[in-house]
Amino acid sequence: MTATAARSLDAAPGQGAGARLVIDDVHKRYGPVGNHLLALGGISLTVNPGEFVCLVGASGCGKSTLLNLIAGLDQPTAGTIESEGRLGLLFQESALFPWLTAAQNVNLALRLADVPAATRDEEAANLLRLVHLQGFGDKRPHELSGGMRQRVALARALAQRAHLLLMDEPFGSLDAITRDLLHDELERLWMELSFTTLFVTHDVREAVRLGDRVVILSSRPGRVVEEVPVDLPHPRVGVDDDMTEIASMITRRLRQEVQRHGR
Ligand code: ADP
Ligand code: MG
């Protein structure tokens, strides 16, 4: 771990850099009783400190709903969610402030994390270097490519000194080559900083590329149908055949789920 990394992800007293997340029998109903949609029908899942868990499921199965509940943006209808430490969020659209430069976007997150003004600029530059954006600090979001914007968003999430990083299809709108590069970078940062990660995707290959564990969700209501451990060492370079095998197995399982729902 570099000095910068250690500083930017200081552990809360008595815990490592990664937080534990415990989801217990969470239900989420939208709309009034009688005319409601049961989006989540009893999700239980524990993510251990420093673990990288990927959640896969068809579109509309409740992945974003679950992340919103974990982030506290909405309340479960029943069940409990416990997590400790600071939360970082990363969504498909980077949601950077368009009128701020890349460095200012990161700087703002540092300010909100109570980092003293005197060290913020240096730290923002370090974080941008960490995501390989040195030299781009003075660019505004519209001057950057989609992949670069997601890198800034990642730097901003790291600036929040997250113990738990929630990612909702963060690379979904990027081309395959850029996505591959960002997989490598996210994996490297995760190995270096050991934050806990819950990564949502509908791309099985991406889930197997990154996750220690892949959790498969069913649709209507969303439930955990299977958890698949991915026992491949990180960084996952040169293990393409193994990844393909696991990805095919998960894809078959997902297809069964989708067919079961007659779609
Ligand atoms: P995913 O992220 O897996 O594509 P979502 O969590 O966005 O799925 O949605 C799950 C289900 O809940 C969908 O049927 C969606 O239409 C419904 N839904 C999501 N958010 C709301 C909401 N705020 N009000 C009503 N229905 C919603
Ligand atoms: Mg979604």
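What this report covers is the structure whose coordinates are included nearby. (Residues numbered from 1 in each chain as written. Chains lettered and ligands numbered in written order. Predicted model: local features only at pLDDT ≥ 70, side-chain atom pairs only at ≥ 80, totals over all residues. Heavy atoms only, no water.)

Remarks on the site of ligand 1
- Lining the immediate environment of ligand 1, one finds Tyr30, Leu37, Ala39, Ala58, Ser59, Gly60, Cys61, Gly62, Lys63, Ser64 and Thr65.
- Within the backbone of Gly60, an N or O atom sits 2.7 Å from an oxygen atom of ligand 1.
- Counting only elements with at least two residues in the shell around ligand 1, the list comes to strand 2 (37-47) and helix 2 (63-70).
- With 3 residues, the top contributor of residues to the shell around ligand 1 is helix 2.
- For the shell around ligand 1, a count of residues per class yields 5 nonpolar, 5 polar and 1 charged. (Near = heavy atom within 4 Å. Polar contact = N/O pair within 3.5 Å; in protein donor to acceptor, adjacent residues only side chain to side chain. Helix = DSSP H or I, 4+ residues; strand = E, 2+ residues; numbered from the N terminus. Nonpolar A, V, L, I, M, F, W, Y, C, P; charged D, E, K, R; others polar.)

Concerning the sheet that holds strand 2
- Judged by pairing direction, the sheet is antiparallel, and its 3 strands sit side by side in the order 2-1-4 without closing on themselves. Looking along the sheet, the strands with just one partner apiece sit at the ends: strand 2 and strand 4 (78-83). Geometrically, the sheet is characterised by an average inter-axis angle of 20 degrees between neighbouring strands, direction not taken into account.
- Here helix 2 sits on the sheet in contact with strand 1 (21-30), strand 2 and strand 4, set at roughly 120 degrees to strand 1. (Pairing = 2+ DSSP bridges. Axes fitted to C-alpha atoms, helices over the stretch in contact; angles between N-to-C directions. Contact = heavy atoms within 4.5 Å.)

A look at the packing of aromatic side chains
- Tallied over the entire structure, the rule returns 4 aromatic pairs.
- Here Phe52 and Trp190 contribute two aromatic rings whose centre-to-centre distance is 5.5 Å and whose plane-to-plane angle is 80 degrees, an arrangement assigned as edge-to-face. Note that Phe52 is positioned in strand 3 (residues 52-56) and Trp190 in helix 6 (residues 176-193), a separation of 138 residues in sequence. With respect to class, Phe52 is no different from Trp190; both count as buried. (Phe/Tyr/Trp six-rings, centres within 6.5 Å; stacked < 30°, edge-to-face > 60°. Buried < 20%, exposed > 50% of the residue type's maximum accessible area, 1.4 Å probe, protein only.)

As for the sheet that holds strand 5 (residues 87-90)
- The 6 strands are arranged 5-6-7-3-8-9 in an open sheet whose pairing can be described as mixed. A strand with exactly one partner marks an edge of an open sheet, and here the two such strands are strand 5 and strand 9 (224-229). When strand polarity is set aside, the average angle formed by the axes of neighbouring strands in this sheet is 15 degrees.
- Each of strand 3, strand 5, strand 6 (164-168), strand 7 (196-201) and strand 8 (213-217) is contacted by helix 2, which is oriented at about 150 degrees to strand 6, the strand it contacts most.
- Helix-sheet contacts for helix 8 (residues 240-260) involve strand 3, strand 8 and strand 9, and the interaxial angle to strand 9 is about 175 degrees.

Overview of the environment of Thr197
- Along the chain, the position of Thr197 falls in strand 7.
- Sequence separation between Thr197 and Glu51 is 146 residues; the distance between their C-alpha atoms is 6.3 Å.
- The residues contacting Thr197, other than those within four sequence positions of it, are Val47, Glu51, Phe52, Val53, Leu165, Met167 and Trp190.

Concerning the nonpolar core
- In terms of nonpolar packing, the biggest core is built from 51 residues, with Val106, Leu186, Val208 and Ile250 touching the most fellow members.
- The element best represented in this core is helix 5 (residues 146-159), accounting for 8 residues.
- Setting aside residues no more than four positions away along its own chain, Val106 makes contact with Ala124, Leu127, Leu128, Val152, Ala155, Arg156 and Ala159. (Core = buried A, V, L, I, M, F, W, Y, C linked by side-chain atoms within 4.5 Å.)

Some thoughts on the environment of Ala95
- Structurally, the position occupied by Ala95 is in the loop between strand 5 and helix 3 (102-112).
- By relative accessible area, which is 53% here, Ala95 ends up exposed.
- The spatial distance from the C-alpha of Ala95 to the C-alpha of Arg149 is 8.9 Å, given a sequence separation of 54 residues.

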